Amino acid sequence: MYPLSEPYDTGMLDVGDGNLVHWEVSGNPAGKPAVVLHGGPGSGAGAGWRRYFDPAAYRVVLFDQRGCGRSTPSVGDPATDLSVNTTPHLVADIELLREHLGIERWLVLGASWGACLGQAYAQRHPSSVSEMVLFSVTAGTRGEIDWITRQMGRIFPAEWARFRDGVPAGERDGNLAAAYARLLASPDPAVRDKAARDWCDWEDVHVGTAPGHRPDPRYDDPEFRMVLARAVTHYWGNDCFLEDGELLANAGKLAGIPGVLVHGRLDVSSPCDTAWHLAQAWPGAELTLIEQAGHGSANGIGDVVLAALDRFATHP
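Below is a summary of the structure that appears in this document. (Residues numbered from 1 in each chain as written. Predicted model: local features only at pLDDT ≥ 70, side-chain atom pairs only at ≥ 80, totals over all residues. Heavy atoms only, no water.)

### A short note on the sheet that holds strand S6 (residues 129-137)
Then, in step 1: A sheet is described by the order of its strands in space; here eight strands give the open sequence S1-S2-S4-S3-S5-S6-S7-S8, paired in mixed fashion. Two strands lie at the open edges of the sheet, namely strand S1 (9-16) and strand S8 (285-290), each paired on one side alone. Ignoring which end each strand starts from, the neighbouring axes of this sheet average 20° apart.
Then, in step 2: The pairing of strand S5 (residues 106-112) with S6 spans six bridges and is classified as parallel. When the sheet's bridge partners are listed, Trp106 is paired in S6 with Val129.
Then, in step 3: Helix-sheet contacts for helix H2 (residues 113-124) involve strand S3 (32-37), S5 and S6, and the interaxial angle to S5 is about 140°. (Pairing = 2+ DSSP bridges. Helix = DSSP H or I, 4+ residues; strand = E, 2+ residues; numbered from the N terminus. Axes fitted to C-alpha atoms, helices over the stretch in contact; angles between N-to-C directions. Contact = heavy atoms within 4.5 Å.)

So this is what it looks like as structure tokens:
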């Protein structure tokens, strides 16, 4: 990966509804514009994302999606209004940021939830997107959410039982994400903290199938745990604010946008059929499956992403 470049411009964009979105730009001011869509929802855009891009070739835009990272107000605060934090709101924020920075078209790099958001954005604003590189591909379907929160218990039965038992007995047969969201909105700080711990423990289980996985150290931070857990449960409890199957059904809208999809065969968190079906429905997309990789950028996924970005650096 490329050496870490420091931002040369940064700011807070007023996107409405009392929300300020933190953004930063690094690399070459005259380079090819690119925007990074981080995962989660709620994980924030870490500096390491910049290392995927040749700083001499790209003008790289990172931003923290509503309510997470350095954006305000934080969704970790139970008083923060989540009704104005939805997929359509995030799509509008991305387009507003593009216009704010005076960018005509940009490459979109997204991972996990960011891959889902990238599809939603490009389908709504195809003329704003030059290329897309997506890895650990998701599509926000009801089936994917049910798989992660319930059906994956067939693979991790003991861990899932602990996750299920983190909610009241009367809610264990229903929407587990929504049940956790209610706990995370409790007026009792101890209830909120336990729910955030239980949710993040399960997150660490289902992404850890590939060789060399280590627990995510970010979950040691109680503020990060709360932001991530509250954002994810809000989105998953509401089917990611998408019609079920919407992104795959509308994948034809991506025709003309070159796309690279990269996915791990061992990704139990987001099984590779989602990426495969997207590649079949998106004219011009190419899919690479990495046999020994899971969810995330390790075990060869990052290498393919880096190669794709190098290739697109000179793409007209």
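### Quick notes on the pattern of salt bridges
Two side chains of opposite charge can pair, provided their charged atoms sit close to one another.
Then, in step 1: For the structure on display, the rule yields 18 salt bridges.
Then, in step 2: In this structure, Arg66 and Asp93 form a salt bridge, with 2.7 Å as the shortest nitrogen-oxygen distance. Linking Arg66 in the loop between strand S4 (58-63) and helix H1 (87-100) with Asp93 in helix H1, this pair joins segments that are 27 residues apart in sequence.
Then, in step 3: Judged by its relative accessible area of 5%, Arg66 is buried.
Then, in step 4: When the shortest N-O distance is used, the salt bridge between Glu286 and Arg311 registers 3.0 Å. Taken together, the positions of Glu286 in strand S8 and Arg311 in helix H10 (residues 301-312) put the pair 25 residues apart, joining distant regions of the chain.
Then, in step 5: Each member of the salt-bridge network shares a partner with another, and the members are Glu24, Arg50, Asp64 and Arg70. (Salt bridge = Lys/Arg side-chain N within 4 Å of Asp/Glu carboxyl O. Buried < 20%, exposed > 50% of the residue type's maximum accessible area, 1.4 Å probe, protein only.)

### Here's the deal with the packing of helix H5 (residues 176-184) against helix H6 (residues 189-206)
Then, in step 1: Between H5 and H6, the least distance of the axes is 8 Å, while the angle of their chain directions is 145°. Across the interface between the two elements, Ala177, Tyr180, Leu183 and Leu184 from H5 touch Val191, Arg192, Ala195, Ala196, Asp198 and Trp199 from H6.

### Thoughts on the side chain of Arg225
Then, in step 1: Mapped onto the elements, Arg225 comes out in helix H7 (residues 222-236).
Then, in step 2: Here Arg225 is in contact with Asp193, Ala196, Arg197, Cys200, Tyr219 and Asp220, once residues within four sequence places are set aside.

### Quick word on the pairing of strand S2 (residues 19-27)
Then, in step 1: Across the nine residues that make up S2, a large majority, seven, are buried.
Then, in step 2: Pairing between S1 and S2: seven bridges, direction antiparallel. Across the sheet, Gly11 pairs through a bridge with Trp23, a residue of S2.
Then, in step 3: The antiparallel pairing of S1 with S2 creates a hairpin that spans two residues between the two strands, and Asp17 there sits at a positive phi of about 60°.
Then, in step 4: Judged from the five bridges that link them, S2 and S4 form a sheet pairing that is antiparallel. Following the sheet pairing, Glu24 is matched in S4 by Leu62.

### Details of H10
Then, in step 1: For H10, spanning twelve residues, the distance from its first C-alpha to its last is 17 Å, which sits close to the expected 16 Å at 1.5 Å a residue.
Then, in step 2: Taken together, the buried positions of H10 are Ile301, Gly302, Val305, Leu306, Ala308, Leu309 and Phe312. Buried residues along H10 cover an arc of 160° about the axis, so they all sit on one side. (Expected span 1.5 Å × (residues − 1). Arc of directions from axis to C-beta.)

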